[in-house]
Amino acid sequence: MIYVFKGLLGYIILFLLMIGEGLGLPLPSEVIMPLVGYYSYLGSISLYIGIIVGTLGSLVGSIIAYVIGYKLGLPFLKRYGKYILIDEGKIEALHNWFLRYGDIAVFGFRFVPGLRALISYPAGIGQMKIPKYLGFTFLGHTIWDIVLSLVGYELANQINFVVTLAEKFGNYILIFVVTIIVIYILVRVLHNRQ
């Protein structure tokens with residue numbers, strides 16, 4: 001088995017992935033942090049250090065996102081956000097949520113997958129006070145990362161079972177998935193012709 005998170009290099013990879021997650025890149029903590037729990041269960045890394053490193057990484061990414069919002073503003077994100085995979089509609093909606101609910105939106109959105117990292121940009125645009133921003137952000141990231149890591153740790157046996165089953169039936173699963181995709185494409189083509 002390949003260990004993604006193992007030793008010092010594993011912590012560095014985790015830190016960098018979580019910086020990307022904090023910036024809003026498509027690196028979901030919902031996948032990364034359960035792996036921290038899983039690999040700690042296997043003895044590859046420490047659960048506690050993994051949670052600390054992951055949380056610090058996402059905090060660094062969130063701070064960078066805040067600074068981008070603070071210094072460059074909403075027009076910049078609307079114009080150039082697509083180049084770093086930030087959807088203009090989401091930024092606009094989150095900006096409106098931030099204007100409406102203020103500081104508590106920064107904490108609340110830390111628990112909403114797909115939007116949790118992006119709330120840092122409106123917080124920066126709205127020039128939220130740094131101590132409040134850091135407090136709400138750190139608390140939200142810490143709670144989220146602990147829960148996800150513990151889920152990965154507690155379900156490690158089930159993950160092993162699923163991986164073993166997938167390896168055993170991998171070819172059958174691949175054939176099934178390809179068949180479903182081909183059927184879907186054929187139905188769409190036939191539907192479009194009508």
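Residues numbered from 1 in each chain as written. Predicted model: local features only at pLDDT ≥ 70, side-chain atom pairs only at ≥ 80, totals over all residues. Heavy atoms only, no water.

(A) Just the pattern of salt bridges, in detail. With the rule as written, the count across this model stands at one salt bridge. Between Glu21 and Arg116 there is a salt bridge, with the nearest N and O atoms lying 2.3 Å from each other. Here Glu21, found in helix α1 (residues 7-23), pairs with Arg116, found in the loop between α5 (103-108) and α6 (120-125); they are 95 residues apart in sequence, far enough to count as distant. Given a relative accessible area of 4%, Glu21 falls into the buried group. (Salt bridge = Lys/Arg side-chain N within 4 Å of Asp/Glu carboxyl O. Helix = DSSP H or I, 4+ residues; strand = E, 2+ residues; numbered from the N terminus. Buried < 20%, exposed > 50% of the residue type's maximum accessible area, 1.4 Å probe, protein only.)

(B) Inspection of the UniProt feature "transmembrane region" (unreviewed entry) in the protein chain at higher detail. Under the local residue numbering, the UniProt record ascribes the feature "transmembrane region" (unreviewed entry) to residues 48-69, 133-152 and 172-190. In this annotation, residues 133-152 is assigned 100% helix and 0% strand; the end-to-end C-alpha distance for the span is 28 Å. (UniProt positions renumbered as here; feature names shortened; annotations may be inferred.)

(C) Focus on the packing of aromatic side chains. Scanning the model with the defined rule gives seven aromatic pairs in all. Relative to Tyr39, the ring of Tyr38 has its centre 5.3 Å away and its plane inclined at 70°; by these criteria the two rings are edge-to-face. An identical accessibility class is assigned to Tyr38 and Tyr39; each is buried. Arranged with centres 5.9 Å apart and planes meeting at 20°, the rings of Tyr66 and Tyr70 form a pair that is stacked. (Phe/Tyr/Trp six-rings, centres within 6.5 Å; stacked < 30°, edge-to-face > 60°.)

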